[in-house]
Amino acid sequence: MALLEVRNLTMKFGSLVACNDVSFDVEKGSVVGLIGPNGAGKTTLFNCVSGFYKPTSGKLIFDGRDVTNLPAYEVARLGAVRTFQVVRPLKEMTVMDNVLVGAFLRGADADTAHKVAEECLSLCRLEDKSHNLAGGLPIGYKKRLEMARALATGPNLLMLDEAMAGLTSTEIKEALEIIKGLRERGITLLVVEHIMEAIMSVADMVVVLDGGVKIAEGTPREIVEDEKVITAYLGAKFTERLKRSGEVTRND
Ligand SMILES: Nc1ncnc2c1ncn2[C@@H]1O[C@H](COP(=O)(O)OP(=O)(O)O)[C@@H](O)[C@H]1O
Ligand SMILES: [Mg+2]
């Protein structure tokens, strides 16, 4: 069953069409990768789904409910929560307090909120940083804090916008483990990512945007072999390398 249905979504900024008639489903319990070159419309799509932008036209159905015109706080309350490409923790607060803010948004009492926050910190492998000030964390940890904070709101759908950009290869591996752990807990994920090897190893399905248009949709293997995707985004050499490295799908 689809947890999120994106139907003919169009978002215009003046004459610029950032998302153009985009449709796809995100199945419950799956990890869907959203890829495409810079300016393809990925963040705009996140902003529409999460209620930060009101789409020009089209429909967004979340958990069977039309959320197209709901404001962000309502969408979050229903369980569709996103992180931001540019991380923005509450810098003067500790890591724990940042995550507590997320837990309180869910309406938890103090004891429950602490339990939830501790669980989210541990899921995101931040437990030994809980007393550090958020502003002083290196970028890899800030990205994880974004995830933990979003997680603490108790989402059904977690949308990660470039959660792995700027990370070292070790940090990317850890981030992938975290994502796999979230999926195992039944959280559905929609993930924007530029690091293809990373997307390919966690995604069940991949949607490719280019110039606001969906140019392909399929399993990671189908996507790396898609001529349109290779031309618009991946490049033939990259595809060869990816196939040789044996990292095309997590099920291989
Ligand atoms: N708030 C905005 N106002 C005007 N143009 C925007 C706005 N947000 C995004 N755009 C434009 O929409 C297009 C898609 O941007 P974006 O969704 O950020 O792409 P991506 O995340 O795939 O790199 C770009 O041309 C960008 O300049
Ligand atoms: Mg973006």
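Rules of the game
Residues numbered from 1 in each chain as written. Chains lettered and ligands numbered in written order. Predicted model: local features only at pLDDT ≥ 70, side-chain atom pairs only at ≥ 80, totals over all residues. Pairing = 2+ DSSP bridges. Helix = DSSP H or I, 4+ residues; strand = E, 2+ residues; numbered from the N terminus. Buried ≥ 20, exposed ≤ 12 C-beta atoms within 10 Å, placed from the backbone. Arc of directions from axis to C-beta. Near = placed C-beta within 6 Å. Nonpolar A, V, L, I, M, F, W, Y, C, P; charged D, E, K, R; others polar. Domains from an automatic or database assignment. Contact = placed C-beta atoms within 7 Å. Core = buried A, V, L, I, M, F, W, Y, C linked by C-beta atoms within 7 Å.

Novice: Sorry, what's going on with the sheet that holds strand S5 (residues 65-66) here?
Specialist: Whether parallel or antiparallel, the strands of a sheet pair through hydrogen bonds between backbone atoms. Pairing in this open sheet of 4 strands is antiparallel, and the strands run S2-S1-S4-S5 from one edge to the other. Looking at which strands have only one partner, the edges of the open sheet turn out to be strand S2 (16-27) and S5. Relative to S2, strand S1 (residues 2-13) runs antiparallel, the two sharing 8 bridges. By the bridge assignment, Ala2 is partnered in S2 with Glu27.

Novice: What is the right way to look at helix H9 (residues 227-234) in this model?
Specialist: Where H9 is concerned, the buried positions are Val229, Tyr233 and Leu234. Along H9, the residues classed as buried sweep out an arc of 60° about the axis, all on the same side. When the buried face of H9 is taken as reference, the exposed residues oriented beyond 90 degrees from it are Glu227, Lys228 and Thr231.

Novice: Is there a simple way to think about the site of ligand 1 in this case?
Specialist: Lining the immediate surroundings of ligand 1 are Phe13, Leu16, Ala18, Gly36, Asn38, Gly39, Ala40, Gly41, Lys42, Thr43 and Thr44. Of all the elements in the fold, those that place two or more residues in the shell around ligand 1 are S2 and helix H1 (42-49). Per element, the largest residue contribution to the shell around ligand 1 is 3 residues, and it comes from H1. Residue composition of the shell around ligand 1, grouped by class: 4 nonpolar, 6 polar and 1 charged.

Novice: Sorry if this is basic, but what is going on with unusual backbone geometry here?
Specialist: Trans is the common state for peptide bonds, and a negative phi is the common state for residues other than glycine. If you check the backbone angles, Asp21 has positive phi at about 55° while not being a glycine. With respect to the helices and strands, Asp21 occurs in strand S2. Here the phi dihedral of Arg125 falls at roughly 55°; this positive angle occurs in a residue that is not glycine. Relative to the helices and strands, Arg125 is located in the loop between helix H4 (110-123) and helix H5 (139-151). For Arg125, a count of 17 C-beta atoms within 10 Å puts it in the partly exposed group.

Novice: Looking at this structure, how should I read the domain arrangement of the protein?
Specialist: Reports often express the size of an interface as the amount of accessible area lost when the parts come together. According to the domain assignment, the protein consists of domain 1 (1-79 + 172-252) and domain 2 (86-154). Taken residue by residue, the interface counts 6 residues in domain 1 and 7 residues in domain 2. Element by element, the count of residues in the side of domain 1 that touches domain 2 is highest for helix H6 (residues 169-184), at 4 residues. Among the residues forming the side of domain 1 that touches domain 2, the class breakdown is 3 nonpolar, 2 polar and 1 charged.

Novice: In this structure, what is going on with the pairing of strand S9 (residues 205-210)? I would like to understand it.
Specialist: Where a strand is regular, its side chains alternate between the two sheet faces. Sheet topology note: the strand S3 (residues 31-35)/S9 ladder contains 4 bridges and is parallel. Along S9, the bridge assignment pairs Val32 with Met205. Pairing analysis gives 5 bridges linking S9 to strand S10 (residues 213-218), with the strands arranged antiparallel. Looking across to S10, one finds that Val207 is bridged to Glu217.

Novice: What exactly am I supposed to notice about the nonpolar core here?
Specialist: Burial of nonpolar side chains together is a common tendency in soluble globular proteins. Grouped together as the largest cluster of nonpolar side chains are 78 residues, with contacts concentrated most on Ala148 and Leu158. Considering each element in turn, this core owes the most residues, 6 residues, to H5. Among the domains, domain 1 (1-79 + 172-252) and domain 2 (86-154) are the pair contributing at least three residues each to this core. Filtering out sequence-adjacent residues up to four positions away, Ala148 remains in contact with Val99, Cys120, Leu121, Cys124 and Leu126.

Novice: Explain H1 here, please?
Specialist: The α-helix advances 3.6 residues per turn, and as a result positions three or four apart in sequence lie on the same side. For H1, the tally of buried residues reaches 8 of 8 residues, placing the bulk of the element in the interior. Listed as buried for H1 are Lys42, Thr43, Thr44, Leu45, Phe46, Asn47, Cys48 and Val49. Phi for Gly51, located one or two positions after H1, is positive at around 85°.

Novice: When you look at the environment of Leu209 in this model, what are you seeing that I'm missing?
Specialist: Locating Leu209 in the fold gives a position in strand S9. For the pair Leu209 and Asn38, spaced 171 residues apart in sequence, the C-alpha to C-alpha distance is 9.8 Å. Ignoring anything within four residues of it in the chain, the contact list for Leu209 reads Val22, Leu34, Gly36, Ala40, Gly41, Lys42 and Lys214.

Novice: What should I look at first to understand the environment of Glu127 in this one?
Specialist: For Glu127, the location among the structural elements is in the loop between H4 and H5. Considered as a pair, Glu127 and Ala117 are 10 residues apart in the sequence and their alpha carbons are 9.7 Å apart. For Glu127, the contacting residues outside a window of four places in its chain are Leu121 and Ser122.

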